Amino acid sequence: MKHLLIIFMILFLSTLSYGVVLNVPEEYENIQAGIDAANNGDTVLVFPGTYFEGINFNSKSIMVASLALTTGDKTYRDSTIIDGSDEIPCIWIEGVERNDAFVYGFTIQHGSNSLGGGIHCSESVASISNCLIRWNTAIDIGGGIACLDSDIYMEYCIIRENEVDNAGGGGIYLRGGHSALWWCDISYNSTDILDGGGLYCTDSNPIITNCTIAYNSVDSRGGGVFFTGGVRTTLRNTIMWGNEPQQMWLSGENWITVDYSDIQGGIDDIRADHVDGY
């Protein structure tokens, strides 16, 4: 899957010689104005600043990136901020079925929504890289990110201090699709009522590699992760530590492979209400 993301990036970046780079705010006042002017294959390049807005990809296969993309300096992530002012989701991706919607090198904060406070992704293929996703809130699912019937590929992201008020997936909620998380830090997220403080996954087949899932909390099941609905997944080289009330909960028939990973409490801190496939 990692090689798949690299291939996607190469294919997308190879189109930039035919596409257009739209600069924000030099040419366009805000990020959404750049997106509105962009065509498939274009890049909206965002200079440092705090942008108080929610952006919508409008079903376009484009890249929205900070200067981290062009300079290689990943610290631009911390100075290029999309802020939803605790009123709207920061990023909305829907109906991007060809190629990818790419997001690279941002801090995504103070988003609010019913489904996906920081990022809402539905019926799309999306890649999120080198982003800090923090301080977002969802009413129902996915405080940081809600990914619905989509393929999402995330690498080198920090998903931290997001919360859900009513349902599940304080950090990330995955439903359907085939997703992959590499080198991500999912920590200090919370869910007030239901399941999956760090990650809630249902009817999906994610691959989780080289990630840290730590110090997330929930009032019900799966402080770190909650799997349900026939999930088939692999956790490889991943740390799960300090999640409350347990590291992992499996509900129903799920098939989980844990490979070269460090789970605090070992098998005793992995709970299940159905043992088949466990």
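Here we summarise the structure given alongside this text. The structure presented is a predicted model; accordingly, all values stated were derived computationally and were not measured.

What counts, and where the lines are drawn
- Residues numbered from 1 in each chain as written.
- Predicted model: local features only at pLDDT ≥ 70, side-chain atom pairs only at ≥ 80, totals over all residues.
- Heavy atoms only, no water.
- Salt bridge = Lys/Arg side-chain N within 4 Å of Asp/Glu carboxyl O.
- Buried < 20%, exposed > 50% of the residue type's maximum accessible area, 1.4 Å probe, protein only.
- Pairing = 2+ DSSP bridges.
- Helix = DSSP H or I, 4+ residues; strand = E, 2+ residues; numbered from the N terminus.
- Contact = heavy atoms within 4.5 Å.
- Right-handed = clockwise from strand over helix to strand, strands pointing away.
- Phe/Tyr/Trp six-rings, centres within 6.5 Å; stacked < 30°, edge-to-face > 60°.
- Lys NZ or Arg CZ within 6 Å of the ring centre and 35° of its normal.
- Polar contact = N/O pair within 3.5 Å; in protein donor to acceptor, adjacent residues only side chain to side chain.

1. As for the pattern of salt bridges
- For the structure on display, the rule yields six salt bridges.
- Across the salt bridge formed by R77 and D78, the nearest N and O atoms sit 3.0 Å from each other.
- Residue D78 is classed as partly exposed on the basis of its relative accessible area, which comes to 41%.

2. A look at the sheet that holds strand β30 (residues 248-251)
- Read from one edge of the open sheet, nine strands run β4-β7-β11-β15-β19-β23-β27-β30-β33, paired in parallel fashion. Two strands in the sheet have a free side with no partner beyond their single neighbour: β4 (55-56) and β33 (270-272).
- By the bridge criterion, four bridges tie strand β27 (residues 225-228) to β30 in an arrangement that is parallel. When the bridges of β30 are listed, V225 appears paired with M248.

3. Re the pairing of strand β16 (residues 151-155)
- With respect to burial, β16 is a largely interior element, four of its five residues being buried.
- Relative to β16, strand β12 (residues 125-129) is paired through five bridges, and the arrangement is parallel. What sits directly across from V125, in β16, is D151.
- Pairing between β16 and strand β20 (residues 180-182): three bridges, direction parallel. Residue Y153 lies in a different strand from β20, and its bridge partner there is A180.

4. Quick look at the side chain of T209
- Within the secondary structure layout, T209 lies in strand β24 (residues 207-209).
- When residues no more than four places from it in sequence are discounted, the contact partners of T209 are L181, W182, W183, R236 and T238.

5. Some words on the pairing of strand β2 (residues 43-46)
- Of the two faces of β2, both are covered, the one formed by T43 and L45 as well as the one formed by V44 and V46.
- Of the strand pairs in this sheet, strand β1 (residues 21-24) and β2 are connected by four bridges, and their pairing is parallel. Each residue of the ladder has a partner; that of V21, found in β2, is T43.
- Handedness of the crossover joining β1 and β2 through helix α2 (residues 31-37): right-handed.
- For β2 and strand β5 (residues 63-66), the ladder comprises four bridges, and the chain directions are parallel.

6. A short note on the packing of aromatic side chains
- Evaluation of the coordinates by the stated rule reveals four aromatic pairs.
- Both rings, one in Y173 and one in Y200, keep their centres 5.0 Å apart while their planes meet at 20°; by these two values the pair is stacked. Here Y200 lies in strand β23 (residues 199-202) and Y173 lies in strand β19 (residues 172-175), a separation of 27 residues in the sequence. For the pair Y173 and Y200, a shared accessibility class is recorded, and that class is buried.
- Taking 5.0 Å as the distance between ring centres and 35° as the angle between the ring planes, the aromatic pair formed by Y200 and F226 counts as tilted. With Y200 in strand β23 and F226 in strand β27, this pair connects stretches of sequence that are 26 residues apart. The same class applies to Y200 as to F226, namely buried.
- Put simply, the rings of Y173, Y200 and F226 touch in pairs and so form one group of aromatic residues.
- The positively charged end of K74 is found above the aromatic ring belonging to Y156, 4.7 Å away from the centroid.

7. Details of unusual backbone geometry
- Look at the link from V24 to P25: it is a cis peptide, with omega at 5°.
- Looking at where P25 falls in the secondary structure, it is placed in the loop between β1 and α2.
- Looking along the chain, the bond that leaves E244 and enters P245 is cis, with omega of 5°.
- Along the chain, P245 falls in the loop between β29 (239-241) and β30.
- Positive phi, normally seen in glycine, also occurs at W135, with a value near 60°.

8. A word on the sheet that holds strand β6 (residues 80-83)
- The strand order across the open sheet formed by nine strands is β3-β6-β9-β13-β17-β21-β25-β29-β32, and the pairing between neighbours is parallel. Since the sheet does not close on itself, it has two edges, and those belong to β3 (49-52) and β32 (262-263), each with one partner.
- Both β29 and β32 contribute to a ladder of two bridges, which runs parallel. Opposite M240, over in β32, you have I263 as the bridge partner.

9. Brief notes about the environment of R221
- With respect to the helices and strands, R221 occurs in the loop between β26 (217-218) and β27.
- In this structure the C-alpha to C-alpha distance between R221 and A272, which are 51 residues apart in sequence, comes to 9.5 Å.
- Excluding residues within four positions of it along the chain, R221 makes contact with L194, D195, G196, F226, Q246, W249, S251 and D273.
- In this structure the side chain of R221 is engaged in a polar contact, spanning 3.0 Å, whose partner is the side chain of D195.
- A distance of 3.1 Å separates polar atoms of two side chains, one belonging to R221 and the other to D273.

In short, geometric facts, not functional conclusions.
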